[in-house]
Amino acid sequence: MEQVIIKNSSKNYFFLNNLYPLKKFDAIFRSKIVRSSNLFAKIKNKFFSLFLLREIFQNYVDKILFVYKKYKVNRKNIPIDLNDLTEKYKKL
C-alpha cells in the first residue's frame, strides 16, 4: 500500500522549498545511494535513505498526531462528469 503525504506535510514542504531548494538537498542524498551487495554499502544506503525528503515527511512528520485533512478531489473543478463515467464503467 502506497502512503500519501497529508496536507500539513505538503504545506511544510512548499514552505521549506521557498527557503531552500529542496530538489538540490534531495539530489545530494540520492546521489550517495548506490545499489551494491557490499554490507558497508547497504548500511551507508540505509543511513542516507533516512534523509530523503519523502521518507522524512511520510515516516516522521505525518506520524505527529495533528488533526489533518487529506486532499479530496473537488468534482466541480473537473470538466468531465465523473459520476457518469463511473456509472458507465459499472455497466461494462
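Our structure's up above, just so we're on the same page.
Notes on the structure in this doc start here. Keep in mind the model is a prediction, meaning the values are calculated, not measured.

### Some thoughts on a nonpolar patch on the surface
Logical step 1: A surface patch of nonpolar side chains, about 510 Å² in accessible area, is lined by F15, L16, L19, Y20 and I28.
Logical step 2: Mapped onto the elements, F15 comes out in helix α1 (residues 7-19).

### Here we look at the pattern of salt bridges
It is possible for side chains of opposite charge to pair when their charged atoms get near one another.
Logical step 1: Tallying each qualifying case throughout the model produces two salt bridges.
Logical step 2: With a shortest N-O distance of 3.1 Å, R30 and D26 are connected by a salt bridge. You can see R30 and its partner D26 sitting in helix α2 (residues 22-32), four residues apart, about one turn around the helix.
Logical step 3: Among the residues examined, D26 registers a relative accessible area of 16% and is labelled buried.

### Some remarks on helix α3 (residues 39-49)
Logical step 1: Every buried residue of α3 is accounted for by A41, N45 and F48. Buried residues in α3, looked at end-on, bunch into an arc of 70°, giving them a common side. In α3, the exposed residues that point more than 90 degrees away from the buried face are L39, F40, I43 and K46.
Logical step 2: Structurally, the start of α3 carries an N-cap: the backbone nitrogen of F40 is 3.3 Å from a side-chain oxygen of N38.

### Observations concerning the packing of aromatic side chains
Logical step 1: Scanning the entire structure with this criterion turns up five aromatic pairs.
Logical step 2: Aromatic side chains F25 and F29 sit 5.0 Å apart centroid to centroid with 75° between the ring planes, which places their arrangement in the edge-to-face category. Taken together, the residues span about one helical turn, with F25 and F29 both in helix α2 at a distance of four residues.
Logical step 3: Residue F25 is classed as partly exposed on the basis of its relative accessible area of 26%.
Logical step 4: Judged by relative accessible area, which is 16%, F29 ranks as buried.
Logical step 5: Centroid distance F47 to F48: 5.5 Å. Interplanar angle 65°. Geometry classified as edge-to-face.
Logical step 6: Here F47 falls in the partly exposed class, since its relative accessible area comes to 46%.

Basis of the calculations
Residues numbered from 1 in each chain as written. Predicted model: local features only at pLDDT ≥ 70, side-chain atom pairs only at ≥ 80, totals over all residues. Heavy atoms only, no water. Patch = residues over 30% accessible without salt bridge, like charges linked within 9 Å, V, L, I, M, F, W, Y side chains within 5 Å. Areas by Shrake-Rupley, 256 points an atom, 1.4 Å probe, with all protein chains shown as cover. Salt bridge = Lys/Arg side-chain N within 4 Å of Asp/Glu carboxyl O. Helix = DSSP H or I, 4+ residues; strand = E, 2+ residues; numbered from the N terminus. Buried < 20%, exposed > 50% of the residue type's maximum accessible area, 1.4 Å probe, protein only. Arc of directions from axis to C-beta. Polar contact = N/O pair within 3.5 Å; in protein donor to acceptor, adjacent residues only side chain to side chain. Phe/Tyr/Trp six-rings, centres within 6.5 Å; stacked < 30°, edge-to-face > 60°.

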